[in-house]
Amino acid sequence: MSTATSRSPLTDWTVLVPVVALVALVFSWGRDLPGFAVVLVSLCLAGAVLAAVHHAEVVAHRVGEPFGSLVLAVAVTVIEVALIVTLMADGGDKTSSLARDTVFAAVMITCNGIVGLSLLVGALRNRVAVFNAEGSGAALATVATLAVLSLVLPTFTTSKPGPEFSTAQLTFAAVASLALYGLFVAVQTVRHRDYFLPVDTARGRGGAHGPGGHDARDGRAQDAEPAEPTGPAVPAEPTGPAVPAGPTGDAGPTGHAGPTGQAAPAAPAEDPEHAAPPTARAALISLGLLLVALVAVVGDAKAVSPVIEQGVAKAGLPHAVVGVIIALLVLLPETLAAVRAARRDRVQTSLNLAYGSAIASIGLTIPAIALASVWLSGPLMLGLGPIHMVLLALTIVVSSLTIAPGRATLLQGGVHLVLLAAYLFLAVSP
């Protein structure tokens with residue numbers, strides 16, 4: 001998601017669409033919509049998703065990785081939390097499991113859907129999708145811990161009957177979730193930022209890019225063949241001073257960043273990987289339009305949710321399907337951004353988006369729900385059932401085996417997509 005066009009965000013449709021979608025939200029909020037209005041709001045929703053992806057890429061290209069991946073993940077999650085709290089406040093007892101259903105749906109969609117699609121696209125492009133096992137493994141461990149603490153333990157605790165936490169247990173889960181989320185963000189953006197940067201595959205190396213053909217993490221020479229077999233061999237140790245990396249952590253066309261952090265002059269101007277970053281003004285405008293688009297996405301999703309609920313009820317489907325559909329709509333911007341990053345051979349960025357969204361979804365939703373439970377009436381059901389616990393356990397095991405080697409093929413992507421399909425099928429037919 002760290003690439004974007006350098007043109008100003010004020011010159012195209014991405015300015016108009018979020019505004020129109022927000023206007024549609026204002027006129028549709030709290031009203032029973034006729035059929036044609038539902039279609040119009042749905043079109044505005046789709047347009048707002050595409051606009052959100054564009055502006056997120058502009059901001060990400062300005063701030064660089066891994067900060068860019070956090071922009072969309074955190075923004076979507078914050079507004080998703082507001083949507084869950086709003087629906088629970090209006091819905092009464094029938095929405096007591098909405099937070100659980102939506103959060104678990106987000107975990108399954110990100111860890112299997114977004115990851116599977118990204119690996120599939122990356123493997124189709126280069127036969128093998130390469131990423132940083134250290135950073136992705138740490139993110140996966142955080143997701144697994146948060147999911148088990150918040151969604152599995154309530155089923156087995158005895159302080160309160162049913163799949164619920166007691167007040168003290170809910171408080172602990174909220175504090176632990178916030179602490180883990182804050183620790184992950186600190187590690188991702190400051191202390192071990194290089195673990196989450198896109199892997200340099202321009203010269204066939206398997207590790208994170210570093211000077212002199214070495215792994216930037218431990219200085220070991222890479223095992224892959226050099227990009228130019230007829231040229232001189234890359235020395236085991238660099239003989240000259242290391243070339244400083246650019247602000248976005250991207251390598252130039254020869255595997256090294258230029259002295260100013262931008263691409264070397266040999267890169268073609270039309271290559272989006274090496275395009276000049278947008279100006280600070282353009283990035284700020286895109287940040288504002290991104291927030292507008294995300295508000296429109298979540299608000300329009302809520303506006304059409306009564307129609308979704310009626311359709312689910314008429315079809316005789318479980319009420320949990322509503323949470324699945326809402327999660328699918330809200331996560332569309334991240335899904336599209338992750339797939340576009342994978343198409344540009346930046347699978348690590350896709351994984352940052354996927355696991356970062358899952359961590360933010362749990363780490364911010366549980367504390368917000370815990371705080372909102374002070375005035376929300378009715379029970380708060382957080383514990384998963386047996387089917388979902390089996391799917392979660394299988395997802396964690398398969399994800400661990402996928403991440404450990406630091407590279408994946410079409411098979412791993414297909415396995416994750418099958419897991420997502422199994423979850424969606426069992427949500428409809430439990």
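Scoring rules and cut-offs
- Residues numbered from 1 in each chain as written.
- Predicted model: local features only at pLDDT ≥ 70, side-chain atom pairs only at ≥ 80, totals over all residues.
- Heavy atoms only, no water.
- Helix = DSSP H or I, 4+ residues; strand = E, 2+ residues; numbered from the N terminus.
- Contact = heavy atoms within 4.5 Å.
- Patch = residues over 30% accessible without salt bridge, like charges linked within 9 Å, V, L, I, M, F, W, Y side chains within 5 Å.
- Areas by Shrake-Rupley, 256 points an atom, 1.4 Å probe, with all protein chains shown as cover.
- Salt bridge = Lys/Arg side-chain N within 4 Å of Asp/Glu carboxyl O.
- Buried < 20%, exposed > 50% of the residue type's maximum accessible area, 1.4 Å probe, protein only.
- Core = buried A, V, L, I, M, F, W, Y, C linked by side-chain atoms within 4.5 Å.

Visitor: What's the story with the environment of Val 85 in this structure? I'm lost.
Guide: Structurally, the position occupied by Val 85 is in helix α3 (residues 67-91). It is 9.2 Å that separates the C-alpha atoms of Val 85 and Leu 98, two residues lying 13 residues apart in sequence. Apart from residues lying up to four places away in sequence, Val 85 is in contact with Ile 369 and Ala 372.

Visitor: It is not clear to me how a nonpolar patch on the surface should be interpreted in this structure. Could you clarify?
Guide: A grouping of Val 19, Leu 22, Val 23, Val 26, Phe 27 and Val 295 is seen on the molecular surface, where their side chains present a nonpolar patch of about 500 Å² in accessible area. Looking at which element gives the most residues to the nonpolar patch, the answer is helix α1 (residues 13-28), with 5 residues. Here Val 295 is to be found in helix α7 (residues 280-314). On the basis of relative accessible area, Val 295 is assigned to the partly exposed category, the value being 36%.

Visitor: Any chance you could explain the side chain of Asp 101 here in plain terms?
Guide: Tracing the backbone shows Asp 101 in helix α4 (residues 98-126). The contacts of Asp 101, once residues within four sequence positions are left out, are Ala 320 and Tyr 423.

Visitor: Where do I start with the nonpolar core in this structure?
Guide: Soluble globular proteins tend to bury their nonpolar side chains together. By size, the foremost hydrophobic cluster in this structure holds 100 residues, and its most contacted members are Met 88, Tyr 355 and Tyr 423. Residue contributions to this core peak at 14 residues, all from helix α10 (residues 347-372). What Tyr 423 contacts, discounting residues up to four positions off in sequence, is Asp 101, Phe 104, Ala 105, Met 108, Val 324, His 388 and Leu 391.

Visitor: Please explain unusual backbone geometry as it appears in this structure.
Guide: With the exception of glycine, most residues fall at negative phi, and the peptide bonds are largely trans. The phi dihedral of Arg 127 is positive, around 70°, even though this residue is not glycine. Counting through the fold element by element, Arg 127 comes out in the loop between α4 and β1 (129-130). Of note, Asp 345 is a non-glycine position whose phi angle comes to about 65°, a positive value.

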